[in-house]
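Coordinates in review
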Amino acid sequence: MSYVAPAIKEKFETLSVDLKNAILERNVELNNIHDLINVLDAIVKEAEEEDKKQ
C-alpha cells in the first residue's frame, strides 16, 4: 500500500487522477518531494520505453 506523507500531500493532489493512480499502484512511500520526483521520473522512463517498442 502506498503512503503519501502529509508534508507533500498538497503537491501530490495537484497531479491528474490518472497520474495519482499510477503512482499509488506502485506501492511506494512518498516521504518527501524527492521521492515523488523519483517515482514520476520512473513513470516517464517506462512510458518512453513503451514508445520505443511501438
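Please read all numbers here as calculations on a predicted model, not as lab measurements.

Moving on: the environment of D41. Structurally, D41 is set in helix α3 (residues 33-53). According to the relative accessible area criterion, D41 is partly exposed, its value standing at 36%. Linking D41 and N21, residues 20 residues apart in sequence, is a C-alpha distance of 15 Å.

A few words on the nonpolar core. In this structure, V4, I8, F12, L15, I23, V28, L30, L36, V39 and I43 together form the largest nonpolar core, which totals ten residues. Residue assignment for this core shows that the elements contributing at least two residues are α1 (6-13) and α3. If you tally residues by element for this core, the top one is α3, at three residues. Ignoring anything within four residues of it in the chain, the contact list for V28 reads M1, S2, Y3, I23 and V39.

Take the packing of helix α2 (residues 17-24) against α3 next. Two numbers describe how α2 lies on α3: the axes approach to 11 Å, and their chain directions differ by 100 degrees. As the angle between them shows, α2 and α3 are arranged roughly perpendicular. The segment α2 lies against α3, with L19, A22 and I23 engaging L36, V39, L40 and I43. A per-class count over the contact of α2 with α3 returns seven nonpolar, no polar and no charged.

This next bit is on unusual backbone geometry. Look at N27: it is not a glycine, yet its phi comes out positive at around 50 degrees. As for its position among the elements, N27 is in the loop between α2 and β2 (29-30). The class for N27 is exposed, based on a relative accessible area of 52%.

Procedures and definitions
- Residues numbered from 1 in each chain as written.
- Predicted model: local features only at pLDDT ≥ 70, side-chain atom pairs only at ≥ 80, totals over all residues.
- Heavy atoms only, no water.
- Helix = DSSP H or I, 4+ residues; strand = E, 2+ residues; numbered from the N terminus.
- Buried < 20%, exposed > 50% of the residue type's maximum accessible area, 1.4 Å probe, protein only.
- Core = buried A, V, L, I, M, F, W, Y, C linked by side-chain atoms within 4.5 Å.
- Contact = heavy atoms within 4.5 Å.
- Axes fitted to C-alpha atoms, helices over the stretch in contact; angles between N-to-C directions.
- Parallel < 35°, antiparallel > 145°, perpendicular 65-115°, else oblique.
- Nonpolar A, V, L, I, M, F, W, Y, C, P; charged D, E, K, R; others polar.

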